[in-house]
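What follows is each chain in one-letter form.
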Amino acid sequence: QVRLAESGGGWVQAGGSLRLSCAASGDIFSINTINTMGWYRQAPGEERELVATISRDGSPNYTDSVKGRFTISRDGAKNTVYLQMNSLRPDDTAVYYCRASSAFVAYWGQGTQVTVSS
């Protein structure tokens with residue numbers, strides 16, 4: 001079993017920055033099977049959507065709306081994934097969820113609120 005703990009959410013004015021962190025913990029066997037880690041978000045009344053993912057080899061993938069503003073990174077030694085969010089906009093306001101997946105199972109964090117005011 002793997003547990004994901006997110007941190008770093010909060011309130012920021014438009015144009016500001018936040019950095020989210022997500023640390024995976026649990027049994028070593030399950031952690032070692034994780035291939036992809038990433039961030040999803042869900043705004044009120046909307047479906048959960050992909051923000052960014054990063055593979056085990058460090059290859060990133062971004063949704064178009066965050067390209068050039070957000071950067072995802074991964075520290076394998078710490079089993080942690082980060083999301084640096086710059087030039088934040090009000091439409092980035094959402095609950096951000098960390099996700100880690102292996103070939104057979106996906107794990108989700110509890111979510112962290114990001115609020116961007118205009």
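Note that the coordinates shown come from a computational prediction; the quantities given were computed from them, not determined experimentally.

### So, the state of the cysteines
Next up, step 1: Across all of its chains, the model carries one disulfide by this definition.
Next up, step 2: The disulfide partner of cysteine 22 is cysteine 98, and the S-S distance across this bridge is 2.0 Å. A torsion of -80° about the S-S bond marks the disulfide between cysteine 22 and cysteine 98 as left-handed. Taken together, the positions of cysteine 22 in strand E3 (residues 18-26) and cysteine 98 in strand E9 (residues 94-101) put the pair 76 residues apart, joining distant regions of the chain. Exposure class is identical for cysteine 22 and cysteine 98. Each is buried.

### A word on the pairing of E3
Next up, step 1: Pairing of strand E1 (residues 2-7) with E3 involves six bridges; the strand directions are antiparallel. Note on E3: the bridge partner recorded for valine 2 is glycine 26.

### Description of the pattern of salt bridges
Next up, step 1: This structure, assessed with the given rule, holds five salt bridges.
Next up, step 2: A salt bridge links arginine 41 to aspartate 92; the nearest nitrogen and oxygen atoms lie 3.0 Å apart. Remark: aspartate 92 occurs in the loop between strand E8 (80-85) and E9 and arginine 41 occurs in strand E4 (residues 36-42); sequence separation between them is 51 residues.
Next up, step 3: Residue aspartate 91 pairs with arginine 89 through a salt bridge whose shortest N-O separation is 3.2 Å.
Next up, step 4: Judged by its relative accessible area of 34%, arginine 89 falls in the partly exposed class.
Next up, step 5: In this structure, a network of salt bridges that share partners links the residues Arg41, Glu49, Arg69 and Asp92.

Conventions and cut-offs
- Residues numbered from 1 in each chain as written.
- Predicted model: local features only at pLDDT ≥ 70, side-chain atom pairs only at ≥ 80, totals over all residues.
- Heavy atoms only, no water.
- Disulfide = S-S within 2.5 Å.
- Helix = DSSP H or I, 4+ residues; strand = E, 2+ residues; numbered from the N terminus.
- Buried < 20%, exposed > 50% of the residue type's maximum accessible area, 1.4 Å probe, protein only.
- Pairing = 2+ DSSP bridges.
- Salt bridge = Lys/Arg side-chain N within 4 Å of Asp/Glu carboxyl O.

Shape is all these values report; function is a separate question.
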